[in-house]
Structure formats: C-alpha cells, structure tokens
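# Secondary and tertiary structure notes
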Amino acid sequence: MKRKLAAAIGIAGMMVSIAACGGSDNKSGGSDKGADAKELTVWLTVDAQNNWPELVKAADAAVKAKHPGVKINHEYYGWPDKNTKLDAVLATDKAPDVVEMGNTEMLGYMVKGAFAPVDATKFDNSAGWLDGLKASVTYEDKTYGVPYYAGGRVGNWRKDVAASAGIKATPKTYQELTSDLDKIQKKEGSKFNAWYQPTRDWYAAMSFVYDAGGSIATDEGGQWKANLSSPESVKGLNEFKNVVDKYMHGDKTKDESDRYIVYGQGKSAMIFAAAWEGATSEDPKNDKTGKLKGNLENFVMPGPSGKNLPVFLGGSDLAIPVKSKAQALAGEWINALTGSTGQKGLMGKGNLPNNKTDLATLKNDPATVVPATAAESSWFVPMAPGWGQVEKAQVLQTMLQNIGTGKKSVEAAAKEADAAIDKVINTK
C-alpha cells in the first residue's frame, strides 16, 4: 500500500525525461569515507523498481559520469520484509551503502547509531525540506538521512451526494464543512456515514490534536513528556470525538486499513485519508455503486482552528548505514536521485516532492493544488529516543476506541495513554 500514498495526486501524465534525474551537482553530504570507492550497493523498495526505474538509472549515470568504472548494485525489497533483512545485514560487514526507509522507521535506527550523520547543507533544497520529512531524519540536532518523496492526506467527498443535499462547492472553512455534513446526514438518514471516520485512525485524530495546539509529547529540557492529557490536546480529542459521534455510524472499533473498501461500498459521503484512497475506492474492483468514477473530489481539510488541518506527512527517506565503506559516494548518489532535477522526475511519477520550493509549483496546477496545499501544514511523531519502543498504534488506537465507544471519557483515556507513553519514551 506504500506506493498508493501518491497514486492519486493526479500528475502521472506529466512526463519528465530521464535526464531530469541526473544529479545537478557533484555533492557528497556524508563523510569523506569511501570517496574513491569502486562499488556502491543501493537498497530501495519495489516502488522504485516498479514505478520509476529510469530515474534510478539516471542517478546511476550521473554518479558513473563523475566516477568512471564504478559499479552500482541495486537490491529491491517489499515493505513488510525490508527491515528484517536490514537488521540482519547491519550486524555484519556487508551493509548496503544506501537504504530507503519509511519516514516513521528512521528513529529507531538513528537512536541505535545505525546510520551515518550527513551534512544537510550539501543536499539540494535542504533548507526547504518539508517539515514532516525533515523531522524524520533529525535526531538530537544531527541529520541522518535525506528526504526522498512524500504523500499527504486530503478530504475527499462524493459530489453527487453533496449536490443532492444542495451543496455546490467543497468547504473552505470548518464551519462550512460541518454545516455541509449536517445537511448530508439529514438528507441521507441516520444509518449513513456523512463522514466515514474510523475511530482508531490515530493519524486523523492527532491532526485535530495538533490543530488545537496540542501534541503527542513535548521535549522539556531534553526529557520527553507525554502531552495527550494537556488542555490543548484534550480540546482536539473532543472535537475528533464530536466528528465520530455525529457523522460516523459504522463500527466504532475499526481502524483505517480498509477505509477505501468501505468508501467504495457507497454508504459514506466523505473521508479524510491518504491521497490515494479516493482513487482506489473508485476503481471498478472496489466501487460497488458504479457511480464513483469521476464523482469524487479532493479538497484541503479545514481545521477547527481556522487554519488548514495539519496532516501527517508520510514518505520515504534515504540513509547511509554507518558501516558503509562508500559513504561519500553514497551521498553523491542520494543527491542525484533526490536533488533539484531528480525531484522533477519523482513529481512526474505522481509523488509529492521533498521540499517546499518544488511543492509550490504544484499549487499552480488545478490537478495538484489540493495535495500540495494540504502538505504545507503537517505534523510528525515525537522524535524521542524511546518513541520507537512505544506500542504507538496500540496505545493511541486503544485510547481512541475508548473515547469513540464511550467506554472512557476523553480526559481519562488521554491520561491512560500518557502513562503508557511516559514509561518508555525516554528509554534509549
């Protein structure tokens, strides 16, 4: 499902030549170690192998042009088994020189010292890296990777259902959103989901928390403290509960894993989801209504604060294992793929870029303005040493299920989650 983060962004028709991915500079952001290496091993996921192999070849060509005779090896892995294989090889002297990581996977490896620090200034557009991606490669004020590409979350609704309730345009404010949903709910009846929002979807819930000025945890002088029971966080959680109570009439114990399937069944008017989910719902395999194709519309989610709702920004980073014997060469290869010209190739394949400068160009195109605008405001998980040891999905999902089903008050559920997080959040 990883690749689907960007599948619906709507720019797959933009064609970019292979030459666009050739590194624009002879930069190496790592150490000088291995500057004269004759071989480089790059681990990527199957997303690159299946969807933009020509961009990888162009990055190879850029490095080989500067280093004649260098051999570049590629290995490709699926997301479920990648880290198991990486963990095994990092314990040997056969570590790859470049490895792709999901941005939420970076922290545990940085804490353990598995990745070499890099000089961010040596990489194109590093001053403008998207906040959610920049945070994912930063630990204790050092940079341990380079953002690769991103995928965000957007609102998506059925134009036909909205029109039948007298609504002519997507909402621009939270007040408009809730007013529109009230009309839809009244028109469609109490068993219909005006907004299908799975209760255990902690990515959506935390967007409300951060919009209200809260957070999962805060850094207090080098010590992290869980923050879900703060007044601001509770305010956000209460608004999330209001959404679930008013508009979500399905199973209050579900997560978001099959949301696109449920949406395709036609019992919902709207979702707030990864950008690929709407397009996947209208695929004939999932569209049980026969009406979704061309009838779904993305929009930037407005937040209760009056600003756009901050979204969780998923994506990938590229890192250099500390055991790499070709760190300098690895840095050059990474910049060839992720630098200014490389980003054009990745955007042409339907991805959000890793930086705000390129993101701004997508706002000029009606086909990409929504995901690009939504990605400008984002949040990320706490970069605390023990966050990787928190059973985060379980802790946060349990909290949200207790809130959504009414088993516990917002305040009690948040305090319970804070206690679970505080037990390990500072553990290295």
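Residues numbered from 1 in each chain as written. Predicted model: local features only at pLDDT ≥ 70, side-chain atom pairs only at ≥ 80, totals over all residues. Heavy atoms only, no water.

## A few points about the environment of Arg153
One can find Arg153 in strand 7 (residues 153-158). Arg153 sits in the buried class, given a relative accessible area of 11%. In this structure, the C-alpha to C-alpha distance between Arg153 and Pro382, residues 229 residues apart in sequence, is 19 Å. Within the structure, Arg153 has its side chain in polar contact with the backbone oxygen of Phe312 (distance 3.4 Å). (Helix = DSSP H or I, 4+ residues; strand = E, 2+ residues; numbered from the N terminus. Buried < 20%, exposed > 50% of the residue type's maximum accessible area, 1.4 Å probe, protein only. Polar contact = N/O pair within 3.5 Å; in protein donor to acceptor, adjacent residues only side chain to side chain.)

## Here's the deal with the sheet that holds strand 6 (residues 146-151)
Spatially, five strands are ordered 2-1-3-13-6 in an open sheet, and the strand pairing comes out mixed. Either end of the sheet is taken by a strand with one partner, and the two such strands are strand 2 (71-77) and strand 6. Going from strand to strand, the sheet's axes swing by 20 degrees on average, the running direction of each strand aside. Taken together, the seven bridges between strand 1 (residues 39-45) and strand 2 define a ladder with parallel strand orientation. Following the sheet pairing, Val42 is matched in strand 2 by His74. This element, helix 3 (residues 79-90), spans strand 1, strand 2, strand 3 (98-102) and strand 13 (314-319) of the sheet and lies at about 135 degrees to strand 3. (Pairing = 2+ DSSP bridges. Axes fitted to C-alpha atoms, helices over the stretch in contact; angles between N-to-C directions. Contact = heavy atoms within 4.5 Å.)

## Quick look at the sheet that holds strand 10 (residues 270-274)
One open sheet holds the three strands; their spatial order is 10-7-11, and the pairing between them is antiparallel. The two strands at the open ends of the sheet, each matched to only one other strand, are strand 10 and strand 11 (296-299). Strand-to-strand twist of the sheet, defined as the mean angle between neighbouring strand axes without regard to direction, takes the value 30 degrees. Bridge count between strand 7 and strand 11: four bridges; the pairing is antiparallel. Each bridged residue has a counterpart across the sheet, and for Asn156 the counterpart in strand 11 is Asn298.

## Digging into unusual backbone geometry
Phi angles above zero are rare outside glycine, and Asn125 is one such case at about 60 degrees. Position of Asn125 among the secondary structure elements: in the loop between helix 4 (106-111) and helix 5 (131-136). Overall, the relative accessible area of 24% leaves Asn125 in the partly exposed class.

## Thoughts on the layout of surface pockets
In this structure, the second largest pocket encloses a volume near 320 Å³. Taken together, 17 residues line the second largest pocket, and the ones lying closest to its centre are Glu105, Leu107, Gly108, Tyr109 and Lys112. Take the lining of the second largest pocket: its biggest share by element is four residues, from helix 4. (1 Å grid on protein atoms, 1.4 Å probe; cavity = no way out; pocket = protein on both sides within 12 Å on 5 of 7 lines; lining within 4 Å. Points joined across faces, edges and corners; volume = space filled by probe spheres on them.)

## Points about helix 9 (residues 231-247)
Taking 1.5 Å of rise per residue, 17 residues should cover 24 Å, and helix 9 covers 24 Å from first to last C-alpha, within 8% of that figure. Here the buried face of helix 9 lies against helix 7 (174-188), helix 8 (202-211), helix 16 (392-404) and helix 17 (410-422). (Expected span 1.5 Å × (residues − 1).)

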